[in-house]
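For reference, the chains in residue letters:
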Amino acid sequence: MFLKATADTREHADSYYAASANWQTNYPELEGDIEVDVVIVGGGFSGVATAVELGERGYKVALLEANRIGWGASGRNGGQIIGGYGQNPSAFKANIGTEGVEVVENMGVECVEIIKQRIEKYNIDCGLKWGYCEVGLKRRHLKDYRKWAEEEPQIKLLDRDELKHYVNSEIYLGGYYREDWGHIQPLNLCIGEAKVAESMGAVIFEQTRVTGVTYGKNPAVQTEKGSVRANHVILCGNAYMGNLVPYLDARVLPATSCVIGTEPLTEEQQRQTMVRDVAVCDSRTALDYYRLSADKRLLFGGLSNYSGLDPTNATEIMRAKMLRVFPSLKEVKIDFSWSGRMGISVRRMPQIGRIKDSNVLYISGYSGHGVAPTHMTGRILAEAVDGDTHRFDIMNKMFHLPWPGGKLLRRPAMAIGMMYYKTLDRF
Ligand SMILES: Cc1cc2nc3c(=O)[nH]c(=O)nc-3n(C[C@H](O)[C@H](O)[C@H](O)COP(=O)(O)OP(=O)(O)OC[C@H]3O[C@@H](n4cnc5c(N)ncnc54)[C@H](O)[C@@H]3O)c2cc1C
């Protein structure tokens, strides 16, 4: 893999999602000084979901986005609605106790419900489809599925032949299907939610980068051409926030993941590959994830790296990965190729907390998940602003550790760690 520095522009990446967006957002840039109840930094799912939850509770919100709504990971991801988190909540029992583990487990279900209800309630057009398959390449993956199926009745185990009625590939040993997870066009959900927040009184600014934060009980943020004072600041910049808040920079490692989009598949090509219109992930640490778009393109993602750089030859590498799963797509054209950055936290759990005992709250580090969990964290942050900190406090107790190695060594340290897991994936 060859790497290059990312040349991000302030407009959307050249993704299938930007090309199929319901509309192009065009909110103004902030010019001048304003005051609101809550100012949110970052217009991805974390930011817009929090804005909707706060709007529903009657708060006056300003949402500041450096680029465009959904410009970051939220408008570039695999679109897979997956419950739970990157880590099993029971790993945190020592920090949050048995009751805390139960609360977090329930939130892993609630996050999917929030998306479902929000799309229904506000009639958001984002191509929602239900159905998810996890597919196994190793016997130990199948063993895990059998164990999970004992605990979760939603899981329907599939042997090798049964799986082919969902995902028609020779490389998997088996998998499982569940109806309660699925997929969406993420950019359309994100801009749709921004519109909902706006309808409830939120003021939204694009092309408005926050350049400074003032902490304390009456915090504020500064931008290139103005400022916002508020009772609360909520930081939702995740893997794209750079060094704005050094405390968070030390705790969020940006990882790049790549996606390609084929030309629309014919019905015959769909029968040879994606028999059912489900979201699919395999069970490796460095996984492939894929699904069909509304117009039946195969959107195929994977190839994570922790260098902070983009692969120059991502399209060829991703195409080779896709052909390993579906060799019959050899002649199919690749129409789109893009990448995005997700925030990884040391403990693979979303980090929700408060900075310096101030009214500056943050969320970051969904560690590869996020489409559904961002909707849960939006609710938890709104509850906290509204004076109910029960769930916020549980999440905050999970210790948000800085990445070892500091700025210089954390990326190579993580790359070595991932190499170890990729080697394990082979056996
Ligand atoms: C390629 C890819 C595939 C993925 N696939 C899936 C998937 O299928 N399912 C799943 O659950 N998760 C997936 N994820 C993860 C998921 O997309 C993220 O966890 C989630 O979108 C994070 O949302 P966010 O709002 O916290 O961050 P982002 O969506 O990255 O939003 C942060 C926003 O903050 C803005 N910002 C940053 N700094 C500032 C500042 N100083 N001032 C103003 N604005 C600022 C940025 O411009 C950006 O728009 C994927 C991620 C990637 C990159």
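These figures come from a predicted structure and were not determined experimentally.

Chemist: Explain the site of the ligand residue by residue, including any values.
Modeler: Within the structure, the ligand sits among 40 residues, and S46, E65, S74, N238 and H369 are positioned closest to it. A66 is positioned such that a nitrogen or oxygen atom in its backbone is 3.0 Å from a nitrogen atom of the ligand. One of the backbone nitrogen or oxygen atoms of V210 is found 2.9 Å away from a nitrogen atom of the ligand. Here the ligand loses 98% of its free accessible area of 1,000 Å² to cover by the protein chains. Of the residues that constitute the shell around the ligand, the class distribution is 16 nonpolar, 20 polar and four charged.

Chemist: Describe the sheet that holds strand β12 (residues 226-229), with residues and values.
Modeler: Strand order in the open sheet made by the four strands is β2-β12-β11-β10, with mixed pairing throughout. The open sheet has two edge strands, β2 (32-35) and β10 (210-214), and neither has a second partner. On average, each strand axis in the sheet is tilted by 15° relative to the strand beside it, whichever way the strands run. As paired strands, strand β11 (residues 220-223) and β12 are joined by three bridges and run antiparallel to one another. In the sheet register, Q222 faces β12, and the bridge partner there is S227.

Chemist: An account of the domain arrangement of the chain is requested, with residue identities and associated values reported.
Modeler: Domain boundaries assigned for the chain yield domain 1 (10-79 + 187-252 + 346-420) and domain 2 (129-182 + 255-341). The interface is formed by 14 residues belonging to domain 1 together with 20 residues belonging to domain 2. Approximately 1,500 Å² of surface area, both sides summed, lies buried where domain 1 meets domain 2, with 63% of it carried by carbon and sulfur atoms. Our count for the domain 1 to domain 2 interface comes out at six residue pairs in polar contact (both at pLDDT 80 or more). When contributions to the side of domain 1 that touches domain 2 are tallied by element, the ones reaching two or more residues are α1 (16-19) and α12 (406-426). Along the lines of polarity and charge, the residues of the side of domain 1 that touches domain 2 split into eight nonpolar, three polar and three charged.

Chemist: Can you lay out the pattern of salt bridges for me, pointing to particular residues and giving the numbers?
Modeler: Under the counting rule described, the total for this entry stands at 24 salt bridges. Across the pair E11 and R68 runs a salt bridge whose closest N-O atoms are separated by 2.8 Å. Taken together, the residues E11 in the loop between β1 (3-4) and α1 and R68 in the loop between β4 (61-64) and β5 (80-81) connect sequence positions 57 residues apart. A relative accessible area of 35% places E11 in the partly exposed class. Counted as one network, the salt bridges with shared partners bring together E53, R57, E110, R118, E193, R379, E383 and R391.

Chemist: So what's going on with the pairing of strand β14 (residues 253-262)? Residues and values would help.
Modeler: Taking burial as the measure, the ten residues of β14 include ten buried ones, the bulk of the element. Burial along β14 is two-sided: L253, A255, S257, V259 and G261 facing one way and P254, T256, C258, I260 and T262 facing the other are all buried. Pairing of β14 with strand β19 (residues 334-344), which is carried by ten bridges, proceeds in the antiparallel orientation. Bridge pairing in β19 links C258 to S339. In the sheet, β14 pairs with strand β17 (residues 298-305) via five bridges, with the strands oriented antiparallel. Looking at the pairing, T256 lines up with N305 of β17.

Chemist: Break down helix α6 (residues 186-199) for me, citing the residues and quoting the values.
Modeler: Three- or four-residue spacings in an α-helix give side chains the same orientation, since the helix completes a turn every 3.6 residues. A rise of 1.5 Å per residue sets the reference length of α6, with its 14 residues, at 20 Å; its end C-alpha atoms lie 20 Å apart and thus fit the reference within 8%. When you tally the buried positions in α6, you get eleven out of 14 residues, the bulk of the element. For α6, every residue scored as buried is listed here: P186, L187, N188, L189, C190, I191, G192, E193, A194, V196 and A197. Close packing links the buried residues of α6 with α1, α2 (45-56), α3 (93-122), β9 (203-205), β16 (289-292) and α10 (373-385). The N-cap residue of α6 is Q185: its side-chain oxygen and the backbone nitrogen of L187 are 2.9 Å apart. Where α6 terminates, the next one or two residues include G201, which has phi positive at roughly 105°.

Chemist: Describe the sheet that holds strand β21 (residues 360-364), with residues and values.
Modeler: Ordered by their spatial adjacency, six strands build an open sheet running β9-β4-β3-β13-β21-β20, and the pairing between neighbours is mixed. For this open sheet the edge positions go to β9 and β20 (351-354), each flanked by a neighbour on one side alone. On average, each strand axis in the sheet is tilted by 15° relative to the strand beside it, whichever way the strands run. Strand direction decides the pairing type here: strand β13 (residues 232-235) and β21, joined by three bridges, are parallel. Counted as the bridge partner of L235 is Y362 from β21. Together, β3 (38-41), β13, β20 and β21 form the strand contacts of α10, whose direction differs from that of β21 by roughly 170°.

Chemist: Can you tell me about unusual backbone geometry, naming the residues and giving the values?
Modeler: Phi at N123 takes a positive value of approximately 55°, unusual for a residue other than glycine. In this structure, N123 sits in the loop between α3 and β6 (129-136). Despite not being glycine, L303 shows a phi value in the positive range, around 60°. Mapped onto the secondary structure, L303 falls in strand β17. Classification of L303 by relative accessible area gives buried; the value is 10%.

Chemist: Let's hear about the packing of α2 against α10: which residues, and what values?
Modeler: In contact at an axis separation of 8 Å, α2 and α10 are set at 45° when each is read in the N-to-C sense. With respect to α10, the element α2 is oriented oblique. Of the two possible hands of crossing, α2 and α10 adopt the one that is right-handed. The residues of α10 that touch α2, namely those facing F45, S46, A49, T50, E53 and L54, are T374, H375, G378, R379, L381, A382 and V385. Classifying every residue of the contact of α2 with α10 by side-chain character gives six nonpolar, five polar and two charged.

Conventions used here
Residues numbered from 1 in each chain as written. Predicted model: local features only at pLDDT ≥ 70, side-chain atom pairs only at ≥ 80, totals over all residues. Heavy atoms only, no water. Near = heavy atom within 4 Å. Polar contact = N/O pair within 3.5 Å; in protein donor to acceptor, adjacent residues only side chain to side chain. Areas by Shrake-Rupley, 256 points an atom, 1.4 Å probe, with all protein chains shown as cover. Nonpolar A, V, L, I, M, F, W, Y, C, P; charged D, E, K, R; others polar. Pairing = 2+ DSSP bridges. Helix = DSSP H or I, 4+ residues; strand = E, 2+ residues; numbered from the N terminus. Axes fitted to C-alpha atoms, helices over the stretch in contact; angles between N-to-C directions. Domains from an automatic or database assignment. Contact = heavy atoms within 4.5 Å. Buried area = accessible area lost by both parts, 1.4 Å probe. Salt bridge = Lys/Arg side-chain N within 4 Å of Asp/Glu carboxyl O. Buried < 20%, exposed > 50% of the residue type's maximum accessible area, 1.4 Å probe, protein only. Expected span 1.5 Å × (residues − 1). Parallel < 35°, antiparallel > 145°, perpendicular 65-115°, else oblique. Left-handed = near helix turned anticlockwise from the far one by under 90°.

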